[in-house]
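Inside the fold
Here is what each chain is made of, one letter per residue.
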Amino acid sequence: MDLQTTIYLFVGASFALYIGIAIWARAGSTSEFYAAGGSVPPVMNGMATAADWMSAASFISMAGLIANMGYGGGLFLMGWTGGYVLLAMLLAPYLRKFGKFTVPQFIGDRFYSQHASTVAVVCLLTASLTYIIGQMTGVGVAFSRFLGVSSDMGIYIGMAIVFAYAVFGGMKGITYTQVAQYCVLIAAYIIPAIFISLQLTGNPIPQLGLGSTMSGSDISLLAKLDQVVVDLGFGKYTTTTAGSTLNMFVYTMSLMIGTAGLPHVIMRFFTVPSVAAARSSAGWALVFIAALYTTAPAVAAMAKLNLHSTVNTAVMKGGDLFAAESSIKAEGRPDWMKRWEKTGLLKFEDKNGDGRIQYYNDKTKNADVKAKADAAGWKGNELTVNADIIVLANPEIALLPNWVIALVAAGGLAAALSTAAGLLMAISAAVSHDLVKGVFNPDISEKNELLAGKISMAVAIVVAGYLGLNPPGFAAGTVALAFGIAASSLFPAIMMGIFSKKMNKEGAMAGMLAGLFVTLFYVFAHKGIFFIKGTDFLPLIGGANSFFGITPEAFGAVGALVNFIVAFAVDKVTKEPPEHIQHMVEAVRIPRGSKLVDGAH
Amino acid sequence: MDDASKGYWSATLGLLGKILVVWFLVSFGAGILFAEQLNGIKLGGYPLGFWFAHQGSMYIFIALIFYYAKAMGDIDRRFDVHED
C-alpha cells in the first residue's frame, strides 16, 4: 500500500471514531452541554484536559523549537507544565466547589458585579479567539501537509468534523472525543520516538535514551550533540539560554500563570464529580501531558543529531567535519529531503557550487569555525530547515515504515481538532451563558439556553473558520497574546477572589484592567496596535525589550504583578465587600457541601 | 469565622506554601537560576541543570500535585470538612 493511501486510511478511521463517539454522547441538558453532567471520572478528565491543552503547536512545533533553542527551550517545558501545579492548588478545587459553568460567572458572583463579569467575558473572548486563530490555521496546515488537500479545504473539513461533535455533544461530546484524540496523538508521538531512541542509543525509552551513551561508543548523546553543534558554529546545546537568565525566568513564569488562567483549561475542571476529584484530576492531566512533554526534548535532540549526521558523514564516523567529502552530495540526498523541499519547509541552495550540502551557522561569532569554513571554501549555510520538520519528518529521517508516518498524520490532526473544540466550548459558554443568560435574558428557559448554546457554538465555528481562512496579518503573535491576557487579567482575579476574603469589586476590576492594559501596551509597542503593521511605538518605551530586556511574549508575569499591586492598593481605599460575599468565600474554601455543577444563579 | 475553619484554612495555606517552595526550587531554582552550577554534576549523560529544565521539574510537578491531593484529603478529614 502506498504512503498516501495508508494516511487516508488512518486519518479516515480516526475521524469515524470521533463521529461515532459524538453520536453516542449527545447533550440533552445545559449541565451536559456546559459541564458533561459533572460526571467525568478524574483520570478520564485528565486525559481530555491533556488533549484539550496540547495543540497542533505542541505536537508539531514544540520539539523543533527546542531543537533550535537547546537548553533555553526548557522554558516551554517547565512553563506549560508548572502551571498545572498552580491550577491544581490555587484554582481548580475552589472553582469546582463554587459549582458554576464558567469563569466569568465566578468573577461576576464573587465580585458581586455584572461589570466585573463583563470585563472577564471580554478577556476570555479575546484570549480564546486569538488562541483559536492559531489552531484553525494549524488545522489547515496539518490537513494540507498530510492529506495533500489545499489549506483552505483543510479548514472546511476541520470545521465540519468539529461541528459534528461539538454542536450536538457540547462538553460531553467534546470530552469523550478528546479522550480518543489523546490516545491517537500520544501513540503518534511516542512510537517514532521509541524507534529513534533505539537506533541512536539502544535504549527504547526516549527519556532515558537522551541521557545515555551513543550506541557503540562511550560518549553520551548530549555531549556528542554539544560537540557537533559547537564545531559547526552553533550555540552549545545544553547551555544556550533564551535571552538573558532574567528573561528566561520571567518567560517561564508568564507561561505558568497563563496556563493556569486559560479559560478552556479551567473549564475542564467543572466536569468532575467532586472537589477531591478536581484535585487529583489535575495530577492526571499532568501525567498525560508529561508523557508528551518529557518525550519532546528527546525527539528534539535526537532528530537534530540525525539531521546533522544525514548531511555530514563525519558527524557519526568521526573525522573532519570540514573535509570536502564529509558534506553529502546534493544528488545523493535522501528522498525525504526532496519530498519536504516541495513543501518549502526545507530549502537547499548550493551557494559555493560544489554540488554538496554544507549545513552550519554562517553567522557564528566563533573565529575558529569561521576560519575553518573559509579554508574549506564554504560560502554560507546551504540548508534552511523549518522547525516543524523535526516532528513531521522524524519518522522519515529515521526510515520508519509507512504506517508510522500515517499515524503521525492522524496524531497531528487529533491535536489540532481537540484544542480547537475545547476553545470553541469556552467561547460558546461565555456567549450563551454569561452574555445571553447573564445579561440579555436572565429568564431564558433551560431548553432555550441549550439552543442558544448550540447556536453560539455553530457561530463560533464559522467565525473561527473565517479567521483561519483569512488570518488577520497578526496570526503569529496571537498565542503569546492569549497567554499574556490570561496571565495578567484572569489568573490574578480568580486567585484573589478565593484567597483574599476582603478583596472587593473595585480592587478586582481595577486590577484586571491595569494588568491587561500594561500587557497590551508592551505587546502593542513591539507588534503594533492590535497587530496592525506600522502602528508599533517602540521609541516611546525606549526601544525593543526595553523593560529589563524582557521580550513581549514574556511580559504576562509583569502584567500579573501590576494586577495584584493595583488591586490591593484600590482595595485598601474602597469599602469592604458585603458580609454575604465574605461568607460565600468561606464556603468556597471548604469541600463539604459540594454539589453537582448546575450553573443556577 | 470560627476556630475550626480558621485552623483548616491555615493548615491549607501551610501545605500550599510548602509545595510552592519545592515548585519554585526545582524549576526556577535548579532549572534556571542555578542551572549553570548544577551542570557540573552529571546524571548519566545529562548535565544536572539541563536535566531539571528538560525533564526533572516535570516529574517533580506531577509528584507535587498527587502529594497535594492526598495531603489535602487528610486535612479535610482532620477538620471534618470532607465531602460525603
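Residues numbered from 1 in each chain as written. Chains lettered and ligands numbered in written order. Predicted model: local features only at pLDDT ≥ 70, side-chain atom pairs only at ≥ 80, totals over all residues.

The number of helices and strands found in chain A is 26 helices and 2 strands. The globule rule puts the C-alpha radius of gyration for 601 residues at 25 Å, and the 25 Å found for chain A is close to it. Taken along its principal axes, the extent of the C-alpha atoms in chain A is 80 × 55 × 45 Å. Restricting the contact set of chain A to residue pairs at least 6 apart, pairs at least 24 apart contribute 81%. (Helix = DSSP H or I, 4+ residues; strand = E, 2+ residues; numbered from the N terminus. Rg over C-alpha atoms; globule rule 2.2 N^0.38 Å. Contact = placed C-beta atoms within 7 Å.)

Let us look at the overall build of chain B. The helix and strand tally for chain B stands at 3 helices and 2 strands. Its helices and strands in sequence order give chain B the pattern α-α-β-β-α, from N to C terminus. Each principal axis of the C-alpha atoms in chain B carries an extent, and together these give about 50 × 20 × 15 Å. Burial status across chain B gives 35% buried among its 84 residues. Taking as baseline every contact in chain B between residues at least 6 positions apart, the subset at least 24 positions apart corresponds to 50%. (Buried ≥ 20, exposed ≤ 12 C-beta atoms within 10 Å, placed from the backbone.)

Leu-185 and Leu-424 of chain A together with Ile-65 of chain B are the most contacted members of the largest nonpolar core, which totals 233 residues. Here this core takes 21 residues from helix α20 (residues 402-440) of chain A, the largest share from any one element. If you count residues domain by domain, this core takes at least three from each of domain 1 (21-301 + 400-470 + 477-589) and domain 2 (302-397) of chain A. (Core = buried A, V, L, I, M, F, W, Y, C linked by C-beta atoms within 7 Å. Domains from an automatic or database assignment.)

So, on to the interface of chain B and chain A. With 37 residues of chain B at the contact, the number on the chain A side is 43 residues. Listed by contribution, the elements that provide at least two residues to the side of chain B that touches chain A are α1 (3-33), β2 (46-47) and α3 (48-78) of chain B. Looking at the side of chain B that touches chain A element by element, the count peaks at 16 residues for α3 of chain B.

Moving on to the packing of helix α5 (residues 74-98) of chain A against α3 of chain B. Relative orientation of the contacting elements α5 of chain A and α3 of chain B amounts to 5°, with a least axis distance of 9 Å. The angle between α5 of chain A and α3 of chain B falls in the class roughly parallel. In this structure, α5 of chain A uses Gly-74, Leu-77, Met-78, Thr-81, Gly-82, Tyr-84, Val-85, Ala-88 and Met-89 of chain A to contact α3 of chain B, whose residues at the interface are Ala-53, His-54, Ser-57, Met-58, Phe-61, Leu-64, Ile-65 and Tyr-68 of chain B. Per-class residue counts for the contact of α5 of chain A with α3 of chain B are 12 nonpolar, 5 polar and no charged. (Axes fitted to C-alpha atoms, helices over the stretch in contact; angles between N-to-C directions. Parallel < 35°, antiparallel > 145°, perpendicular 65-115°, else oblique. Nonpolar A, V, L, I, M, F, W, Y, C, P; charged D, E, K, R; others polar.)

Here we take up the domain arrangement of chain A. Residue and element names in this part refer to chain A. Segmentation of chain A into domains returns domain 1 (21-301 + 400-470 + 477-589) and domain 2 (302-397). Each of domain 1 and domain 2 has a C-alpha centre, and the two are 35 Å apart. Each partner contributes residues to the interface: domain 1 has 28 residues there, and domain 2 has 22 residues. Every element with two or more residues in the side of domain 1 that touches domain 2 is listed here: α4 (56-69), α8 (151-201), α10 (221-231), α14 (296-311) and α20. Looking at the side of domain 1 that touches domain 2 residue by residue, the class counts come to 20 nonpolar, 5 polar and 3 charged.

To continue, consider the environment of Trp-80 of chain A. Residue and element names in this part refer to chain A. Positionally, Trp-80 belongs in helix α5. Under the C-beta neighbour-count criterion, Trp-80 is labelled buried, with 22 such atoms within 10 Å. The spacing of Trp-80 and Ser-254 is 174 residues in sequence and 9.6 Å in space, taken between C-alpha atoms. When sequence neighbours within four positions are dropped, the list of residues in contact with Trp-80 reads Leu-255, Thr-259 and Tyr-293.

Compared with the 26 Å implied by 1.5 Å per residue over 18 residues, the 26 Å span of helix α25 (residues 556-573) of chain A between its first and last C-alpha is a close match. Taken together, the buried positions of α25 of chain A are occupied by Gly-556, Ala-557, Val-558, Gly-559, Ala-560, Asn-563, Val-566, Ala-567 and Asp-571 of chain A. (Expected span 1.5 Å × (residues − 1).)

Before going further, it helps to spend a moment on the packing of helix α6 (residues 103-110) of chain A against α20 of chain A. Residues and elements named next belong to chain A. The contact between α6 and α20 brings their axes to 9 Å, and the two run at 35°. Judged by residue contacts, Pro-104, Gln-105 and Gly-108 of α6 engage Ala-430, His-433, Asp-434 and Gly-438 from α20. Class assignment of the residues belonging to the contact of α6 with α20 gives a composition of 2 nonpolar, 4 polar and 1 charged.

Moving on to the environment of Ser-244 of chain A. Residue and element names in this part refer to chain A. Within the secondary structure, Ser-244 sits in the loop between α10 and α11 (245-261). Of the residues examined, Ser-244 has 14 C-beta atoms within 10 Å and is grouped as partly exposed. Along the chain, Ser-244 and Val-585 lie 341 residues apart, while their C-alpha atoms are 41 Å from each other.

What follows is about unusual backbone geometry. Generally, phi is negative for residues other than glycine and the peptide bonds are trans, each holding for most cases. Of note in the backbone geometry, Tyr-112 of chain A takes a positive phi value of approximately 35° without being a glycine. Following the sequence through the fold, Tyr-112 of chain A ends up in the loop between α6 and α7 (114-147). The backbone phi angle of Asp-80 of chain B is positive, close to 55°, even though this residue is not glycine. Positionally, Asp-80 of chain B belongs in the segment after α3. Classification of Asp-80 of chain B as exposed rests on a count of 10 C-beta atoms within 10 Å.

All names here are of chain B. With 99% of its residues at a pLDDT of 70 or more, chain B shows a mean pLDDT of 92. No element of chain B has a lower mean pLDDT than strand β1 (residues 42-43), which averages 88, and none a higher one than α3, which averages 96. The complex prediction reports pTM at 0.91, with the ipTM value standing at 0.96. (pLDDT = per-residue confidence, 0-100.)

A separate point is the environment of Leu-399 of chain A. Positionally, Leu-399 of chain A belongs in the loop between α19 (394-397) and α20. Note: C-alpha distance between Leu-399 of chain A and Ile-196 of chain A (203 residues apart in sequence) is 9.3 Å.

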